[in-house]
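Remarks on the overall topology
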Amino acid sequence: MARLLVTGGAGYIGSHTAVALLEAGHEVVSLDNYSNSSPRALERVSRIAGRPLTAVEGDVRDAALLKRLFAQQPFDGVIHFAALKAVGESVSKPLAYYDNNVAGTLALLQAMQSAAVTCFVFSSSATVYGAPDELPITEQAPIRSTNPYGATKVMVEQMLRDLAAADAAWSVVSLRYFNPIGAHPSGEIGEDPNDIPNNLFPFICQVAAGRRERLAVFGNDWPTADGTGVRDYLHVADLAAGHLRAFDFARRRRGFTPVNLGTGRGVSVLQLVHAFEAATGRSIPFSIVERRPGDIAACWADPSAAARLLGWRAERSIEQACADGWRWQSRNPDGYRGEAAT
Ligand code: NAD
Ligand code: WQD
């Protein structure tokens, strides 16, 4: 079994991955500044997995802290989730995103290099593809950012490519997530957006819970089957499982390897709404409004590289993700700020 540093471990995807790592017998050290999460998530992670983890409160940009962490006990690898991820916010606060996401990753890589820890799994995003020329999207598709957030992911991937080219000791897997949704089936951990959700799925959950009156559908005049935007939604538990496969792969294969994590199926906004209503029995009132600036019509993955290289495929259905996401939302209407899940 391995000892892993998981940055952003208290976050949405990090907490689900921490459960999977603990259940697989790995040792987990979470480093999180709780800028977009709660340490309570980590308490629940340990409760679900039935095993403890080490929770360190701190910032990946803190070089002295990183040096201490890497000096305490050797890590077999790092899974790096810590980042700011709101596209709209990145447009208004680009320097905060470059500092947190790029400088933060640089500080982490420098600490790893000093400690001779060279196994790295990175949270990248399908946003690096921008508006795709072809669908489904393969890892060979052109890389181009359409906003500062996406640019931070493109820049970090370039850093990683250059690092792996300069030093053959490095094993780097850059996981390009499509659209993660849902929650752990226990209902104990899930997505806990700080304020008005930017993303579709958490917004639907809040409409279902009565926290939002109705869903605004950003355009029904897209060149898609029903005119609404199409995305590749994957269950966050499948995404978490992909990280364990990626880590195992990185332990065997040197160099830089980008891998798409998606289902390979496109689902429209209205299809997701109807799937959610069917899976939960909740009604989701909606209105069609103007397109959101910067949106694209359709985006879904060619996940064949993940199957070939990692032996990973998404296994859970959209309906399962809807049911699991609703269980989290209904049991934790105020996320981790509310009462503990019963
Ligand atoms: P999240 O905000 O829930 O989790 C990120 C975690 O990192 C939070 O717990 C936050 O407190 C922590 N963090 C942020 N900056 C930090 C810093 N400087 N030092 C220490 N901790 C810090 O987000 P998420 O949805 O779990 O995303 C995790 C990763 O996956 C991010 O890198 C994101 O860009 C990427 N990603 C997310 C999605 C998505 O739709 N959620 C899609 C593609 C890629
Ligand atoms: C999905 C679809 C919207 C909200 C974003 C980031 C990306 C990644 C994942 C971090 C689109 C429509 C949405 C709403 C709507 N995050 N929609 N009403 O835009 O595919 O990707 O999250 O890496 O970087 O760009 O996800 O959930 O925002 O939108 O109609 O209230 O739902 O137009 O078609 P997106 P999303």
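Located above this text is the structure these notes cover.
Given the structure is predicted, the values throughout are model-derived calculations rather than measurements.

Points about the overall build of the protein
For the protein, the helix and strand inventory stands at 11 helices and 13 strands. The C-alpha extent of the protein, read off along each of the three principal axes, is 55 × 45 × 40 Å. Residues counted as buried form 56% of the 342 residues belonging to the protein. Taking the contacts inside the protein whose residues are at least 6 apart along the sequence as the reference set, 80% of them involve residues at least 24 apart. Surface accessibility of the protein: about 14,400 Å² in total, with carbon and sulfur atoms responsible for 50%. Of the charged side chains in the protein, 33 are positive and 35 negative; the average position of the first set lies 3 Å away from that of the second.

A closer look at the site of ligand 2
The immediate surroundings of ligand 2 are formed by 18 residues, with Y149, L200, A216, R231 and D295 found nearest. Contact distances for ligand 2 include 2.6 Å between an oxygen atom and a side-chain N or O atom of R231. Here an oxygen atom of ligand 2 sits 2.8 Å away from a polar atom, N or O, in the side chain of R292. The protein chains hide 87% of the 680 Å² of surface that ligand 2 would expose on its own. With four residues, the top contributor of residues to the shell around ligand 2 is strand β8 (residues 215-218). Split by residue class, the shell around ligand 2 holds nine nonpolar, six polar and three charged.

Side note on the pairing of strand β11 (residues 255-261)
Buried residues dominate β11, accounting for seven of its seven residues. Covered by surrounding structure in β11 are G255, T257, V259 and L261 together with F256, P258 and N260, the residues of both alternating faces.

Digging into helix α11 (residues 318-331)
Between its first and last C-alpha, α11 extends 20 Å over 14 residues, near the 20 Å set by a 1.5 Å rise per residue. Among the residues making up α11, those that are buried are I318, A321, C322, D324, G325, W326, W328 and Q329. Of the surrounding elements, those touching the buried residues of α11 are α2 (39-49), β7 (179-181), α7 (200-208), β10 (233-235), β12 (267-268) and α9 (269-280).

Topic: the packing of helix α1 (residues 12-23) against helix α8 (residues 236-252)
Two elements in contact, α1 and α8, have axes whose closest approach is 8 Å; the angle formed by their N-to-C orientations is 60°. Taken as axis vectors, α1 and α8 run oblique relative to one another. Viewed along their axes, α1 and α8 form a crossing whose handedness is right-handed. Contacts from Y12, I13, H16, T17, A20 and L21 in α1 reach V236, L239, A240, H243 and L244 in α8. Classifying every residue of the contact of α1 with α8 by side-chain character gives eight nonpolar, three polar and no charged.

About the thresholds
Residue numbers restart at each chain and count upward from 1, following the sequence in its written direction. Here chains are named by letter from A upward and ligands by number from 1 upward, in the order in which they appear as written. In keeping with the model being predicted, local features are shown solely for residues with a pLDDT of at least 70 and side-chain atom pairs are shown and tallied solely at 80 or more, while totals for entire chains, interfaces and linings include all residues. Excluding hydrogens and water, the side-chain values take into account all heavy atoms of the structure. Only DSSP runs of H or I covering at least 4 residues are called helices, and only runs of E covering at least 2 are called strands; the numbering of each starts at the N terminus. When accessible area is computed with a 1.4 Å probe and restricted to protein chains, residues below 20% of their type maximum are described as buried, those above 50% as exposed, and intermediate ones as partly exposed. Contacts are assigned to residue pairs that have any heavy atoms within 4.5 Å of one another. Exposure was quantified through the Shrake-Rupley algorithm and a 1.4 Å probe, taking into account, for residues, occlusion by the shown protein chains and nothing else. Residues scored as positive are Lys and Arg, those scored as negative are Asp and Glu, and His as well as the terminal groups of each chain are ignored. To locate a charge, take atom NZ for lysine, CZ for arginine, CG for aspartate or CD for glutamate. Here a residue is considered near a molecule or strand provided that any single heavy atom belonging to it is located within 4 Å of it. What qualifies as a polar contact is a pair of N or O atoms within 3.5 Å, subject to a donor-acceptor requirement within protein and to the restriction that residues adjacent in sequence count only when both atoms come from side chains. By the convention adopted, Pro, Cys, Tyr, Trp, Phe, Met, Ile, Leu, Val and Ala count as nonpolar, Lys, Arg, Asp and Glu as charged, and the other residues, Gly among them, as polar. Residue count minus one, scaled by 1.5 Å, sets the expected span of a helix. Angles run from 0 to 180 degrees between N-to-C directions of axes, and those axes are lines fitted to C-alpha atoms, restricted for helices to the stretch in contact. Any angle between 65 and 115 degrees counts as roughly perpendicular, while under 35 counts as roughly parallel, over 145 as roughly antiparallel, and the rest as oblique. Throughout, a crossing is termed right-handed when the near helix is turned clockwise from the far one, and left-handed when it is turned anticlockwise from it by less than a right angle.

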